[in-house]
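Survey of secondary and tertiary structure
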Amino acid sequence: MSSVIILEAFYSMDGLKNLYFTIFFMLYMLVVFANTAVIFVIIIDKALHKPMHIFLCNLAVNGIYGGTALLPSFLSTLLSPYHEVSLACCKAQTYFLHTYAIIEFTILSVMCYDRYVAVCYPLHYHSIMTMKKVYKLVALSWGYPLVAFGLFFVLTLQLKFCKNKIGKVYCSNFSLVKLSCDDTYVVNILGLLSVVVYAFPQLAMTLYSYGHILKICLTATRKSKMKALKTCTPHLLAILNYSVGCFIEIVQGRFDTSYLPFETEIFMSLYFLIFPPILNPIIYGLSVHALRANLSRLFRTKNKLQVIPKKQDVKTLSVLVNCISENVS
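Let us look at the structure shown here.

What counts as what
Residues numbered from 1 in each chain as written. Predicted model: local features only at pLDDT ≥ 70, side-chain atom pairs only at ≥ 80, totals over all residues. Heavy atoms only, no water. Helix = DSSP H or I, 4+ residues; strand = E, 2+ residues; numbered from the N terminus. Buried < 20%, exposed > 50% of the residue type's maximum accessible area, 1.4 Å probe, protein only. Areas by Shrake-Rupley, 256 points an atom, 1.4 Å probe, with all protein chains shown as cover. Salt bridge = Lys/Arg side-chain N within 4 Å of Asp/Glu carboxyl O. Disulfide = S-S within 2.5 Å. Core = buried A, V, L, I, M, F, W, Y, C linked by side-chain atoms within 4.5 Å. Phe/Tyr/Trp six-rings, centres within 6.5 Å; stacked < 30°, edge-to-face > 60°. Patch = residues over 30% accessible without salt bridge, like charges linked within 9 Å, V, L, I, M, F, W, Y side chains within 5 Å. Pairing = 2+ DSSP bridges. Contact = heavy atoms within 4.5 Å. Axes fitted to C-alpha atoms, helices over the stretch in contact; angles between N-to-C directions. Expected span 1.5 Å × (residues − 1). Bend = angle between axes of the 7 residues up to and from the residue. Left-handed = near helix turned anticlockwise from the far one by under 90°. Nonpolar A, V, L, I, M, F, W, Y, C, P; charged D, E, K, R; others polar. Polar contact = N/O pair within 3.5 Å; in protein donor to acceptor, adjacent residues only side chain to side chain.

A count of helices and strands for the protein chain gives 11 helices and 3 strands. The order of α-helices and β-strands along the protein chain, N terminus first, is β-α-α-β-α-α-α-β-α-α-α-α-α-α. For the protein chain, with 329 residues in total, the buried portion stands at 43%. As presented, the protein chain carries roughly 18800 Å² of accessible surface, and 69% of it is formed by carbon and sulfur atoms.

What follows is the structure in structure tokens.
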């Protein structure tokens, strides 16, 4: 049983190792910086302590969680001459990346419910979306994926691995299962069923929420339609961005993409892990007026350390200098 996993895709990056390191290091800094800025602004501004912004804050936290689960290990393995990771680190990364993906989808579905209540029941919004309910939804968004995937991942942890080569730049559950020398029929079947468990409730909530929002918009006035569109556009863009990334990952995992250029394969495999955490702060930062105003205020370049003396202070200083000069003379 091997205690080391070789990530073979890194060998194709050796020729431009320094360039790849610089690019992905900058991407990681961007993920951390953009999401930390969103979290900081929402925390310090009490006017943003509203359900939608609290969910957005959790989306930003998850973006940092996912980026940190992938990129520091990615950068370290890229610089390593053997491109190896320990089996324990590979298992840990698998758990973190899969839970990141499920948490992201769960938070987005909770935000769907929030938009459904805001558009369909505007007069009762605050009585329905109480802070107590918001905190329960936040706890559900994190607790459900962490526990649900953990229960399934126990089966993978019990497998014995007789191979140690993965043709990707990160570890995943499906890749680990393929390395096993045990019979994985049951694990594969449960893996397919687990996808339904992880994704169906969120998908049902999303379709139900936007189905009702669309129904309301069909009978609403033009002004109400524009307001609903403005309210839901950032969230729809976030869902579209994440869905595209997941679709690309599924296509790459189920079909032969070896005919594609290596750079394209890397882009496809990392899209859903890197670009949603980068684009979500941009989407919401540009679309939500209150958040945009606070972010611009935070990054506005002003020389706050320059002190301009008052007239009274200048006069007092002048009298003091005259007194000193008279005493010296």
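Still more ground to cover, so stick around.
The next thing to look at is the pattern of salt bridges. What the rule picks out here adds up to 1 salt bridge. Between Arg115 and Asp114 there is a salt bridge; the shortest N-O distance is 2.5 Å. The class of Arg115 is buried, set by a relative accessible area of 9%.

The next point concerns the state of the cysteines. Evaluated as defined, the whole model comprises 1 disulfide. One disulfide in the model links Cys90 with Cys171; its S-S distance is 2.0 Å. Between Cys90 and Cys171, the S-S dihedral sits near -120 degrees, and the bridge is therefore left-handed. With Cys90 in helix H3 (residues 87-120) and Cys171 in the loop between strand S3 (165-166) and helix H6 (173-178), this pair connects stretches of sequence that are 81 residues apart. You can call Cys171 buried: its relative accessible area is 1%. The structure places no disulfide on Cys112, whose sulfur is separated from the nearest cysteine sulfur, that of Cys232, by 8.5 Å.

With 85 residues, the main nonpolar core has Met13, Phe24, Phe74, Val169 and Leu270 as its most contacted residues. If one sorts the elements of this core by residue count, H3 sits on top with 18 residues.

Our focus in this paragraph is unusual backbone geometry. Across the chain, the bulk of peptide bonds are trans and the bulk of non-glycine residues have phi less than zero. Unlike most non-glycine residues, His83 shows phi in positive territory, near 55 degrees. Its place among the elements puts His83 in the loop between helix H2 (51-79) and strand S2 (84-86).

With that settled, the discussion passes to the packing of aromatic side chains. For the structure on display, the rule yields 18 aromatic pairs. Ring plane angle 35 degrees and centroid distance 6.3 Å describe the contact between Tyr95 and Phe153, whose orientation is recorded as tilted. Taken together, the positions of Tyr95 in helix H3 and Phe153 in helix H5 (residues 131-157) put the pair 58 residues apart, joining distant regions of the chain. The structure contains a cluster of three or more aromatic residues connected by ring pairs, namely Tyr65, Tyr95, Phe96, Trp142, Phe149, Phe152, Phe153 and Tyr198.

Together, Tyr185, Val186, Ile189, Leu190, Leu192 and Leu193 make up a nonpolar patch on the protein surface, roughly 590 Å² of accessible area in all. Looking at the element boundaries, Ile189 is found in helix H7 (residues 185-219).

One open sheet accounts for 3 strands, arranged S2-S1-S3; its pairing is mixed. Every interior strand has two partners, whereas the edge strands, S2 and S3, have only one. As paired elements, strand S1 (residues 4-7) and S3 share 2 bridges and run parallel to each other. Looking across to S3, one finds that Ile6 is bridged to Lys165. In the packing of H3 onto the sheet, contacts are made with S1, S2 and S3, and the angle to S2 comes to roughly 85 degrees.

Our next topic: H7. Its 35 residues place the ends of H7 51 Å apart at the C-alpha level, agreeing with the 51 Å of an ideal helix rising 1.5 Å per residue. Helix geometry: H7 is bent most strongly at Ala199, by close to 35 degrees, with proline Pro201 lying one to four residues after it. Listed in full, the buried residues belonging to H7 are Val187, Gly191, Ser194, Tyr198, Gln202, Thr206, Ser209, Tyr210, Ile213 and Cys217.

This part takes up the packing of H3 against H5. It is the contact of H3 with H5, at a shortest axis distance of 9 Å, that shows an interaxial angle of 145 degrees. Considering only the axes of H3 and H5, their crossing is right-handed. Here H3 contributes Lys91, Thr94, Tyr95, His98, Thr99, Ile102, Ile103, Thr106, Ile107, Val110 and Tyr113 to the contact with H5, which in turn contributes Lys133, Leu137, Ser141, Trp142, Pro145, Leu146, Phe149, Gly150, Phe153 and Leu157. Across the contact of H3 with H5, the residue classes tally to 13 nonpolar, 6 polar and 2 charged.

Here Arg115 is to be found in helix H3. At 2.5 Å, the side chain of Arg115 and the side chain of Asp114 are in polar contact. In this structure Arg115 touches Met52, Tyr125, Tyr210, Ile213, Thr231 and Cys232, once residues within four positions along its chain are discounted.

Below, the discussion takes up the pairing of S1. Sheet topology note: the S1/S2 ladder contains 3 bridges and is antiparallel. Note on S2: the bridge partner recorded for Val4 is Ser86.

Let's shift gears to the side chain of Ser209. Mapped onto the elements, Ser209 comes out in helix H7. Within the structure, the side chain of Ser209 is placed 2.8 Å from the backbone oxygen of Met205, a separation counted as a polar contact. Here Ser209 is in contact with Cys112, Tyr113 and Tyr116, once residues within four sequence places are set aside.

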